[in-house]
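The lines below spell out each chain.
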Amino acid sequence: MRVLLVEDDRPLREAVAAVLGEESYQVDCATDGIEGVLLAEQDIYDLLILDIMLPKLTGTEILKKLRKRGVATPVMFLTAKDSIADRVGLGRG
C-alpha cells in the first residue's frame, strides 16, 4: 500500500513514516500543502494522511482541490486541535 503523508512537523512526520514503514507501507512525504497537492494529483496513492494546519495550504484545502480534480483517494487527517467541535467538523465544507 502506498501512502502520502503531508506533515510539516519533522519529528512527527518521521515517526509516523517510520511506523508505517515498519508495517510494510511505502510512504512518501510532503512538508507543505502545495507539495502535497502536487504529489497527490498523481493519483498513485492508496491513502492520504493530511495534517490540518500546514504551510501554504491547509489539509482541508488540499482535500477540496483534489476532490474538484476528481482524485478520490481516501483521506485521514492528523490534527493537534483538541476540541470536539474542531475534530467533528473535519472534512466538511
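Conventions adopted
- Residues numbered from 1 in each chain as written.
- Predicted model: local features only at pLDDT ≥ 70, side-chain atom pairs only at ≥ 80, totals over all residues.
- Heavy atoms only, no water.
- Helix = DSSP H or I, 4+ residues; strand = E, 2+ residues; numbered from the N terminus.
- Buried < 20%, exposed > 50% of the residue type's maximum accessible area, 1.4 Å probe, protein only.
- Lys, Arg positive; Asp, Glu negative; His and termini not counted.
- Salt bridge = Lys/Arg side-chain N within 4 Å of Asp/Glu carboxyl O.
- Polar contact = N/O pair within 3.5 Å; in protein donor to acceptor, adjacent residues only side chain to side chain.
- Contact = heavy atoms within 4.5 Å.
- Core = buried A, V, L, I, M, F, W, Y, C linked by side-chain atoms within 4.5 Å.
- Pairing = 2+ DSSP bridges.
- Right-handed = clockwise from strand over helix to strand, strands pointing away.
- Axes fitted to C-alpha atoms, helices over the stretch in contact; angles between N-to-C directions.
- Expected span 1.5 Å × (residues − 1).
- Arc of directions from axis to C-beta.

Caption draft 1: The arrangement of the side chain of Asp51 in detail. Mapping Asp51 onto the fold places it in strand β3 (residues 47–51). Of the side chains with opposite charge, Arg13 comes closest to the buried, unpaired Asp51, at an N-O distance of 8.6 Å. Reaching out from Asp51, the side chain makes a polar contact with the backbone nitrogen of Met53 at a distance of 3.5 Å. With sequence-adjacent residues up to four places away left out, Asp51 is seen in contact with Val6, Glu7, Asp8, Gly59, Leu78 and Thr79.

Caption draft 2: Just the nonpolar core, in detail. The biggest cluster of nonpolar side chains holds 13 residues, and the ones touching the most others in it are Leu4, Val6, Ala40, Leu48, Leu50, Ile62 and Leu66. With near-sequence residues (within four places) excluded, Val6 lies in contact with Ala30, Asp32, Gly36, Ile49, Leu50, Asp51, Leu54 and Ile62. One finds Val3, Ala17, Leu20 and Leu47 within the second-largest nonpolar core, a separate group that totals six residues.

Caption draft 3: Expanded view of the pairing of strand β2 (residues 26–30). Pairing between strand β1 (residues 2–6) and β2: five bridges, direction parallel. If you follow Val3 over to β2, its bridge partner there is Val27. Remark: the β1/helix α1 (residues 10–22)/β2 crossover connection has right-handed handedness.

Caption draft 4: Seen up close, the sheet that holds strand β4 (residues 75–78). Pairing in this open sheet of four strands is parallel, and the strands run β2-β1-β3-β4 from one edge to the other. The sheet is open, and its two edges are formed by β2 and β4, each paired on a single side. Averaged over neighbouring strand pairs, the angle between their axes works out to 20° when direction is ignored. As paired strands, β1 and β3 are joined by four bridges and run parallel to one another. Within the sheet, the bridge partner assigned to Val3 lies in β3 and is Leu47. Packing against the sheet, α1 makes contact with β1, β2 and β3, and its axis sits at approximately 165° to β2.

Caption draft 5: Representation of α1. An ideal rise of 1.5 Å per residue puts 18 Å on 13 residues; α1 measures up with 18 Å between its terminal C-alpha atoms. Buried within α1 are the following residues: Arg13, Ala17 and Leu20. An end-on view of α1 places all buried positions within 65° of arc, on one side of the element. Facing away from the buried side of α1 by more than 90 degrees, the exposed set consists of Pro11 and Glu22. Residues of α1 that are buried make contact with β1, β2 and β3. Two to three positions downstream of the cap, the backbone nitrogen of Leu12 sits 3.0 Å from a side-chain oxygen, assigning the N-cap of α1 to Asp9. Ser24 lies just past α1 and shows a positive phi near 75°.

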